[in-house]
Amino acid sequence: MSVIRDLPRQASSTSSRNFFRRLGERWLSRRAPRSRDITLNHSRLFILPTRAGLGYLLITALLWLLATNYENNLVFALTFLLISVFVILPVHTFANLSGLRLQLLGTEAAFAGDFAEAHINLSRADKRQREWIQICWPPEEGAYVDLCEEPSADFRIALPALQRGRIQAPRLRVESRFPLGLFRCWSRIDLDVEFLVCPRPLAAGPLPLGKAQAEGTSGQVRRGGDDYASLKPYQPGDSLRHLAWKQYAAGRDLYSKEYESRTDTRLWLDWELLDGRDVETRLSNLCDWVLQAEKQGIAYGLRIPGTTLPPSLGTEHQQRVLSALALFPKWGG
């Protein structure tokens, strides 16, 4: 019974956290709107003491009590020195981030279950050295960047990509605890990072060379099939099912019907070749074939419901094909 009574409390606690999280996100959106080029200033930066800073204050307070009790001038001097350091530190910690500029240079396509990377530039406009700057998507560690000798630096940070599609990355956290770790200065910024996540490649066997059905009059003709081709004079041994009885009844000679089929000799990665598998498995198999064909240098085309890309080869073509697979509707079948 106690467990049952605790369930509404847990649900209420979760809903409260979600409410305050949404409230905080709306406030951040107004204070620090989305942009691919952001400069950190006083309106975007926040600063508070760390746990080490609170411990530092506690020790300073104890020293103050000790100096007052025993009227020890040396302890008084040490206490005033520690207090002056604590007062000056937030200025240096804040200045380590203030004025920094972050620019999104680009993103790279990733596969589901892997890490998607964003390419970012960090720069400073003044000559002040900036040290020990952490940029990450929590809870990932991200990257640590120093701007000492050079005024700018390029770096990459990764985010886990769990599902295929177009994924909007959350806000980045830019943080510094320089120089002594007693204060934490941070900012939550949205660089409008969007990733294209492709289906995870899943082995589907060798490439289906020449297995796709040809369209129109293209392709290689093979005798035998379902498509009517022409009439030929009857020869002993022809199947009785293929005899042209209508022509024979009209007083003409006895003829046999010829049938043929057309197969495309080009490499088509066709949705229908993977019949019987679910949507995500088909997309993963097609993705694996794309990588195989590109690696082997074989021109390939793609046929999926709603999209047909003619055979080609190269980085741009591969990107178009992978994009079509990544953005395929999740409700499609």
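Keep in mind it's a predicted model, so treat the numbers as computed, not measured.

Quick notes on the rules
- Residues numbered from 1 in each chain as written.
- Predicted model: local features only at pLDDT ≥ 70, side-chain atom pairs only at ≥ 80, totals over all residues.
- Heavy atoms only, no water.
- pLDDT = per-residue confidence, 0-100.
- Helix = DSSP H or I, 4+ residues; strand = E, 2+ residues; numbered from the N terminus.
- Contact = heavy atoms within 4.5 Å.
- Expected span 1.5 Å × (residues − 1).
- Buried < 20%, exposed > 50% of the residue type's maximum accessible area, 1.4 Å probe, protein only.
- Polar contact = N/O pair within 3.5 Å; in protein donor to acceptor, adjacent residues only side chain to side chain.
- Salt bridge = Lys/Arg side-chain N within 4 Å of Asp/Glu carboxyl O.
- Core = buried A, V, L, I, M, F, W, Y, C linked by side-chain atoms within 4.5 Å.
- Pairing = 2+ DSSP bridges.
- Axes fitted to C-alpha atoms, helices over the stretch in contact; angles between N-to-C directions.
- Parallel < 35°, antiparallel > 145°, perpendicular 65-115°, else oblique.
- Left-handed = near helix turned anticlockwise from the far one by under 90°.
- Nonpolar A, V, L, I, M, F, W, Y, C, P; charged D, E, K, R; others polar.

Taken residue by residue, the chain gives an average pLDDT of 82. The fraction at 70 or more is 73%. Mean pLDDT in the chain bottoms out at strand β13 (residues 220-233), which sits at 53, and peaks at strand β2 (residues 46-49), which reaches 94. A low-confidence stretch, residues 216-222 (pLDDT under 50), is modelled with 18 contacts involving residues beyond four sequence positions or located in other chains.

Glancing now at helix α5 (residues 279-296). In an α-helix, one turn spans 3.6 residues; hence positions three or four apart end up facing the same way. Over its 18 residues, α5 extends 26 Å from the first C-alpha to the last, a length consistent with the 26 Å expected when each residue adds 1.5 Å. Residues of α5 that are buried include every one of V279, R282, L283, S284, N285, L286, C287, D288, W289, V290 and A293, and no others. For α5, the secondary structure elements touched by its buried residues are β4 (110-111), β15 (267-270), β16 (300-304) and α6 (315-326). With a side-chain oxygen positioned 3.2 Å from the backbone nitrogen of E280, the residue opening α5 is D278.

With that settled, consider the pattern of salt bridges. As a working rule, side chains carrying opposite charge can pair if their charged atoms are close by. Under the counting rule described, the total for this entry stands at 11 salt bridges. One salt bridge in this structure joins E175 and R177, with 2.9 Å as the shortest N-O distance. On the basis of relative accessibility, which here comes to 6%, the residue E175 falls in the buried class. Overall, the relative accessible area of 37% leaves R177 in the partly exposed class.

Okay, the environment of L104 next. In this structure, L104 sits in strand β3 (residues 101-107). When sequence neighbours within four positions are dropped, the list of residues in contact with L104 reads R36, A118, H119, I120, L191, D192 and V193.

Turning our eyes to something else, we now look at the environment of L302. Topologically, L302 is positioned in strand β16. In this structure, L302 is in contact with W268, L269, L286, T307, T308, L309, V321, A324 and L325, ignoring residues within four places of it in sequence.

In this structure, L40, L102, I120, L122, I135, W137 and F195 are the most contacted members of the largest nonpolar core, which totals 33 residues. Those elements that place two or more of their residues in this core are β3, β5 (114-123), β6 (130-136), β7 (143-147), β8 (152-161), β10 (172-176), β11 (183-189) and β12 (194-198). Looking at which element gives the most residues to this core, the answer is β8, with five residues. Apart from residues lying up to four places away in sequence, L40 is in contact with L45, L97, S98, G99, L100, L102, V174, S187 and I189. Within the second largest apolar cluster, 25 residues are counted, among which are C287, Y300, L302 and L322.

We now examine the sheet that holds strand β9 (residues 165-168). With mixed pairing, the three strands of this open sheet are ordered in space as β4-β12-β9. Each edge of the open sheet is held by one strand with a lone partner, namely β4 and β9. As defined by bridge partners, β9 adjoins β12 across four bridges and the pair is classed as antiparallel. Across the sheet, the residue bridging to I167 is F195, located in β12. Against the sheet, α6 makes contact with β9 and β12, and its axis sits at roughly 90° relative to β12, the strand it touches most.

Next up on the list: the packing of helix α2 (residues 51-70) against helix α3 (residues 73-97). Taken N-terminus to C-terminus, the directions of α2 and α3 make an angle of 155°; their axes are 9 Å apart at the nearest point. Considered as vectors, α2 and α3 are oriented roughly antiparallel to each other. Classified by chirality, the crossing of α3 by α2 is left-handed. Contacts between α2 and α3 involve G53, Y56, L57, T60, L63, W64, A67 and T68 on the former and, on the latter, V75, F76, L78, T79, F80, L82, I83, V85 and F86. Along the lines of polarity and charge, the residues of the contact of α2 with α3 split into 13 nonpolar, four polar and no charged.

Now for unusual backbone geometry. Across the junction of P138 and P139, the peptide omega takes the value 5°, indicating a cis bond. Mapping P139 onto the fold places it in the loop between β6 and β7. A cis amide bond links F178 with the next residue in sequence, P179, at an omega value of 10°. Considering the arrangement of structural elements, one finds P179 in the loop between β10 and β11.

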